[in-house]
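Residue-level structural notes
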Amino acid sequence: MGCSKTDIVISQGAVSSQPSGIPSYRVEILNVGQQAIKNIHLHCGMFSSANLVNPLLLKRLAPDNCLVNNAQPLAAGTVIAFTYTTTFMFPLSVSSFTCST
């Protein structure tokens, strides 16, 4: 049994605005597969946030390279969620990962 890119589902949407008027977006990264997945990297452009995003959940390592869950395994059926605040929603997509054994 293996894992594939389609096992990682990323959803995000606007949730509210900060008192300053800057919008906030909630991101959920879900492993819908049957196997844990680790070392998940996302295409994330120049991701930044006016509020601190826990770097153990998402950390921008370089332009267009964000690390999910501190490279730790995301178990099957598990979701990681966080909120970021900025003037526009960043497109996020999986760039690489490793099937956990």
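About the thresholds
Residues numbered from 1 in each chain as written. Predicted model: local features only at pLDDT ≥ 70, side-chain atom pairs only at ≥ 80, totals over all residues. Heavy atoms only, no water. Helix = DSSP H or I, 4+ residues; strand = E, 2+ residues; numbered from the N terminus. Rg over C-alpha atoms; globule rule 2.2 N^0.38 Å. Buried < 20%, exposed > 50% of the residue type's maximum accessible area, 1.4 Å probe, protein only. Areas by Shrake-Rupley, 256 points an atom, 1.4 Å probe, with all protein chains shown as cover. Phe/Tyr/Trp six-rings, centres within 6.5 Å; stacked < 30°, edge-to-face > 60°. Core = buried A, V, L, I, M, F, W, Y, C linked by side-chain atoms within 4.5 Å. Contact = heavy atoms within 4.5 Å. Disulfide = S-S within 2.5 Å. Pairing = 2+ DSSP bridges. Axes fitted to C-alpha atoms, helices over the stretch in contact; angles between N-to-C directions.

In this section: the overall build of the protein chain. Helices and strands together make up the secondary structure of the protein chain, namely 0 helices and 7 strands. For the protein chain, the succession of helices and strands along the chain, N to C, is β-β-β-β-β-β-β. Here the C-alpha atoms of the protein chain give a radius of gyration of 14 Å, agreeing with the 13 Å that 2.2 N^0.38 yields for 101 residues. For the protein chain, the spread of C-alpha atoms along the principal axes amounts to about 50 × 25 × 20 Å. Each of the 101 residues in the protein chain was classed as buried or not, and the buried ones make up 33%. Total accessible area on the protein chain is roughly 5400 Å²; 56% of this is exposed by carbon and sulfur atoms.

With that settled, the discussion passes to the packing of aromatic side chains. Counted under the stated rule, the structure contains 5 aromatic pairs. Pairing Tyr 84 with Phe 90 gives two aromatic rings, centres 6.1 Å apart and planes at 50°, and the pair type is tilted. Both residues of the pair, Tyr 84 and Phe 90, count as buried. On the basis of an interplanar angle of 50° and a centroid distance of 4.8 Å, the ring pair of Phe 88 and Phe 90 is categorised as tilted. Exposure remark for Phe 88: the relative accessible area of 44% places this residue in the partly exposed category. Three or more aromatic residues link up through ring pairs in this structure, and these residues are Tyr 25, Phe 47, Tyr 84, Phe 88 and Phe 90.

Bringing the nonpolar core into the picture now. If you look at the biggest cluster of nonpolar residues, it comprises 21 residues, and the most contacted ones within it are Ile 29, Leu 42, Phe 47, Leu 58, Phe 82 and Tyr 84. Only strand S2 (23–31), strand S3 (37–43), strand S5 (65–68) and strand S6 (79–85) provide two or more residues apiece to this core. Beyond its immediate chain neighbours, meaning those up to four positions away, Phe 47 contacts Val 53, Leu 58, Arg 60, Cys 66, Phe 82, Tyr 84, Phe 90 and Leu 92.

With that settled, consider the state of the cysteines. Scanning the entire structure with this criterion turns up 2 disulfides. At a sulfur-sulfur separation of 1.8 Å, the disulfide partner of Cys 3 is Cys 99. Of note, the bridge from Cys 3 to Cys 99 carries an S-S torsion of about -110° and is left-handed in sense. Here the residue Cys 3 occupies a position in the segment before strand S1 (8–17), and Cys 99 occupies one in strand S7 (residues 93–99), the gap between them amounting to 96 residues. Cys 99 sits in the partly exposed class, given a relative accessible area of 28%. Paired through a disulfide, Cys 44 and Cys 66 show a sulfur-sulfur distance of 2.1 Å.

Moving on, we come to the sheet that holds strand S4 (residues 58–62). An order of S4-S5-S3-S7 is seen for the 4 strands of this open sheet, with the pairing classed as antiparallel. Strands at the two margins of the open sheet, each flanked by one partner only, are S4 and S7. Here the average twist between neighbouring strands, direction ignored, is 25°. Note: S3 against S7, 5 bridges, orientation antiparallel.

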